[in-house]
Structures are given as structure tokens and as C-alpha cells.
Amino acid sequence: MSSMSPDPRRRRVVIGVDTHKHVHVAVALDDIGGRLDARSFPADRGGYEQLLDWAAAFDARKLIFAIEGTGSYGAGLTSAVRRRGLGVIEVLRTDRRDRRLRGKSDTLDAENAARSTLAGNSTSVPKTNDGTVEMIRQIKVAKDVAVKARTAAIITLKAVLVTASPELREQLQPLSKMALIERCAGLRPGPVTSVLAATKHTLRSIARRWQQLNDEIKTHEALLEELTSQLVPQLVAAFGVGADTAAEMLIVAGDNIDRVRSEPAWARLCGVAPIPASSGMTNRHRLNRGGHRQANAALYRAVIVRMQHHEPTRTYVTRRTAEGKTKAEIIRCLKRLLAREIWTLLRPLRTVPAAT
């Protein structure tokens, strides 16, 4: 018989991509792990199109891209793949043990990314980064940088004051923070011809920088308040949450929150899923050390506020303390409960039912 059946090696092709600032290295594997080809492409729009055309030439029934760094150097390629209507998987960095055994190169990293997807070890869907949440993320970056600079400014101002001349130090040190900044911002050093004048010049410069950064932070906070209130007003209004924590939760979820399949997956992403830590006669769980660190910190801040000012939370803490729970264990439980509450409040953003 002369009839030919389709080549089973072409049912699915996985393109592993190791991304860099100037060049992307891609390796194509067939459905059973055989290497088909390996190429390098420029990390620009023209290079993205060349890579996609190269991948399409394999004529596979299903074409999947396994990309490292979808949130950094691979963001442009990920968007280009999505515009073509192709599947894309986010791949984490290669395991260090594997690197020690097999060595490291860009081609090996790209191949490992493809093999990780073929084996089912990498299944994460990247964020889309093309909607309101991405706008929030960009503003949050600007705000966080300004907050760090403002903190550095006040620390430096007080450090300069420690070594200032006694007459200047004795006038300024007793003042509160805001009074100190106002007084320093209004100093008149005159011609810088002495150490005292130079010190006044420095204090005035740092204080005015603090004021400028403070005004900038207020602008960022107003924008975050506006955007988060438009997107998830119910989350912003939750006790102890507010716009800043809501923004952090949205950044973790991404514009395509449907990529998080379930509420337990959301808890694991936030680093609050309980981890078994039992041994012998002991049966307990411990704090999760993984997940998104900024999201975990935001949950912690909200929980601390609730423990101090939220009557139902205070009642819960009293009851759990009577049961013999430590403070760390109670905080872990409260963070888990808050993550569940936030997942429910994010429900309007999900377009398909969450997997069970």
C-alpha cells in the first residue's frame, strides 16, 4: 500500500526559548523529545517575526512556546506569540543540579525549557501585561522607588545632623520629623565659606528633596487609589486592605487572572498555603517560605492591622491563643483566610469559572 499516515513526531512541537537583552536562542523539540533545530534571533520586532516564521515551518498540529523570562527580556516575544494566537508557557530558571551535571549554554537552557514543558513540569501561563493591572504595576514601581529614596533622604539628613556644629544640632535635633524637614528646608546657608554654611546647604538640599519625593508619592498614591477603585472597589474597601495592598494583589494576579486555576493555587502563589511539618508524635503545619514575597508582605501588613483594630479578628486571635496556637501560627492562619477573602473579592475579574 502506498498510503502514508501522518508523522507522529509532528503532532506537537515545543519551542524552548532562552531570552536575553540582544538575542534569543530557540530550540525546537518534537512530541517525543527529539531535537528538530536550534537557532538564534535578534531580540527585536523583526527577530520575533523571524522566530515565529521559523517555528511555523515545522507544520505541527500544535505549536507551544516555552519561554524563560516572560516578565523581563522575554516580554516582547511573549506578546508577539500571543498575537499569533499560539500557546505560551512560562518556564523558570533551570535547576542548579541539572546545570552542574550537564553544563550551561544558551542552547542548553532553551532545550531544558522545552523539555520541562514536554514533561509537564512547567505549566504556568504568563501574565498578559496589557491592561489596567499593568498600568497599576508601572505606577507602583515608581511609587516604591520614590518611597525608598524618601526614606534614604530622612536617614541621611539625621546622620548629617549628628556631626553638625553644636549650635545647629541643639536647635534641630529636638524637633519632630516634619518640623525638622520644614526647618531644614528653610535654612539660609549664604555663601559656602565655612563648615557651618556647607552643613546648612546640605541639610536644606536633603530636606527639599524629601519634600519633592513626598509630593511625588502622593501623586502616585492618588493614581493607585483611582485605578484600583475603578477595577476592584470591593477589595479596596475591605478592612485593613486599601489601595496599596489591593494594587499588590492585582499585580500578583495579572490582567489575566484566569491563569490562576483555583483558590488553593492563589494561596500558594501568595506564599500562604500551609506546608506540612509533622514528625513522629507531632502533627503541625509551618509557614510557607515560597510564593510572591511582596504579596506575602502585603497580606502580613493587612493582618497586623486587623489584629489591632478589627474586632472579629481580635476575637479569633483570643480563641486560637486559648487553643495553644503561637502568634506565628495564628498569623499564618489569618493570612490564609485573608487570601481566601481576597480571592473571592477578585471574582468579578475572572471571565471563566475557576477550576476545582
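Residues numbered from 1 in each chain as written. Predicted model: local features only at pLDDT ≥ 70, side-chain atom pairs only at ≥ 80, totals over all residues. Heavy atoms only, no water.

**Q** Go over the overall build of the protein chain, please, and point to the residues and values.
**A** When you go through the protein chain residue by residue, the secondary structure sums to 14 helices and seven strands. Over its C-alpha trace the protein chain gives a radius of gyration of 27 Å, far above what one expects of a compact globule, namely 21 Å for 356 residues. Within the protein chain, the fraction of its 356 residues that count as buried is 40%. Contacts in the protein chain between residues far apart in sequence, at least 24 positions, make up 59% of those at least 6 positions apart. Roughly 19,700 Å² of accessible area belongs to the protein chain as shown, and the carbon and sulfur atoms make up 52% of that amount. Put simply, the protein chain has 57 plus and 36 minus side-chain charges, and the middle of one group is 6 Å from the middle of the other. (Helix = DSSP H or I, 4+ residues; strand = E, 2+ residues; numbered from the N terminus. Rg over C-alpha atoms; globule rule 2.2 N^0.38 Å. Buried < 20%, exposed > 50% of the residue type's maximum accessible area, 1.4 Å probe, protein only. Contact = heavy atoms within 4.5 Å. Areas by Shrake-Rupley, 256 points an atom, 1.4 Å probe, with all protein chains shown as cover. Lys, Arg positive; Asp, Glu negative; His and termini not counted. Charge placed at Lys NZ, Arg CZ, Asp CG, Glu CD.)

**Q** Account for the nonpolar core, naming residues and giving values.
**A** Where a protein is soluble and globular, its nonpolar side chains tend to be buried together. Formed by 41 residues in total, the largest nonpolar core has its most connected members in Leu235, Met249, Trp266, Leu299, Ile342 and Leu346. Elements that contribute at least two residues to this core include exactly helix H5 (132–162), helix H8 (195–231), helix H9 (233–236), helix H10 (242–253), helix H11 (263–269), helix H12 (293–309), helix H13 (311–322) and helix H14 (327–345). No other element matches H14, which puts nine residues into this core. The residues contacting Leu346, other than those within four sequence positions of it, are Val232, Leu235, Leu250, Ile257 and Trp266. The next biggest cluster of nonpolar side chains, apart from the first, holds 19 residues, and it includes Val17, Leu63, Val81 and Val88. (Core = buried A, V, L, I, M, F, W, Y, C linked by side-chain atoms within 4.5 Å.)

**Q** Help me get a handle on the confidence of the model for the protein chain, residues and values and all.
**A** Across the protein chain, pLDDT averages 89, with 92% of residues at or above 70. Taken as a whole, residues 1–6 scores under 50 in pLDDT and shows one contact with residues more than four places along the chain or in a different chain. Below pLDDT 50 for its whole length, residues 352–356 participates in six contacts with residues either more than four positions away or in separate chains. (pLDDT = per-residue confidence, 0-100.)

**Q** So, the side chain of Thr245: which residues are in play, and what are the values?
**A** Among the structural elements, Thr245 can be located in helix H10. A distance of 3.3 Å separates a polar atom in the side chain of Thr245 from the backbone oxygen of Val241. (Polar contact = N/O pair within 3.5 Å; in protein donor to acceptor, adjacent residues only side chain to side chain.)

**Q** Residues and numbers for the packing of H12 against H13, please.
**A** The geometry of H12 relative to H13 is characterised by a closest axis approach of 6 Å and an angle of 90 degrees between their N-to-C directions. As judged from the angle between their axes, H12 and H13 are roughly perpendicular. On H13, the residues touching Arg306, Met307, Gln308 and His309 of H12 are Glu311, Thr313, Arg314 and Val317. Here the contact of H12 with H13 is built from residues that sort into two nonpolar, three polar and three charged. (Axes fitted to C-alpha atoms, helices over the stretch in contact; angles between N-to-C directions. Parallel < 35°, antiparallel > 145°, perpendicular 65-115°, else oblique. Nonpolar A, V, L, I, M, F, W, Y, C, P; charged D, E, K, R; others polar.)

**Q** Can you lay out the pattern of salt bridges for me, pointing to particular residues and giving the numbers?
**A** Once their charged atoms are close, side chains differing in charge can pair, the charge on each being opposite to the other. Tallied over the entire structure, the rule returns 19 salt bridges. We note a salt bridge from Glu311 to Arg314, for which the minimum N-O separation is 4.0 Å. One end of the pair, Glu311, and the other, Arg314, are both in helix H13, three residues apart, so they sit about a helical turn from each other. We note a salt bridge from Glu323 to Arg319, for which the minimum N-O separation is 3.3 Å. (Salt bridge = Lys/Arg side-chain N within 4 Å of Asp/Glu carboxyl O.)

**Q** Can you tell me about a positive patch on the surface, naming the residues and giving the values?
**A** Residues Arg284, Arg286, Arg289 and Lys325 make up a contiguous surface patch of positive charge. Secondary-structure assignment places Arg289 in the loop between strand E7 (285–286) and H12. (Patch = residues over 30% accessible without salt bridge, like charges linked within 9 Å, V, L, I, M, F, W, Y side chains within 5 Å.)

**Q** Which residues make up the packing of aromatic side chains, and what values do they have?
**A** Scanning the entire structure with this criterion turns up three aromatic pairs. With centroids separated by 5.5 Å and ring planes inclined at 50 degrees, the aromatic side chains of Phe41 and Trp54 adopt a geometry described as tilted. Pair noted here: Phe41 is in strand E3 (residues 35–42) and Trp54 is in helix H1 (residues 45–56), with a separation of 13 residues, a long-range link. You can call Trp54 buried: its relative accessible area is 9%. Between Trp266 and Trp343 the ring centres are 5.9 Å apart and the planes differ by 35 degrees, which places this aromatic pair in the tilted class. Taken as a pair, Trp266 in helix H11 and Trp343 in helix H14 lie far apart in primary sequence, 77 residues in all. (Phe/Tyr/Trp six-rings, centres within 6.5 Å; stacked < 30°, edge-to-face > 60°.)

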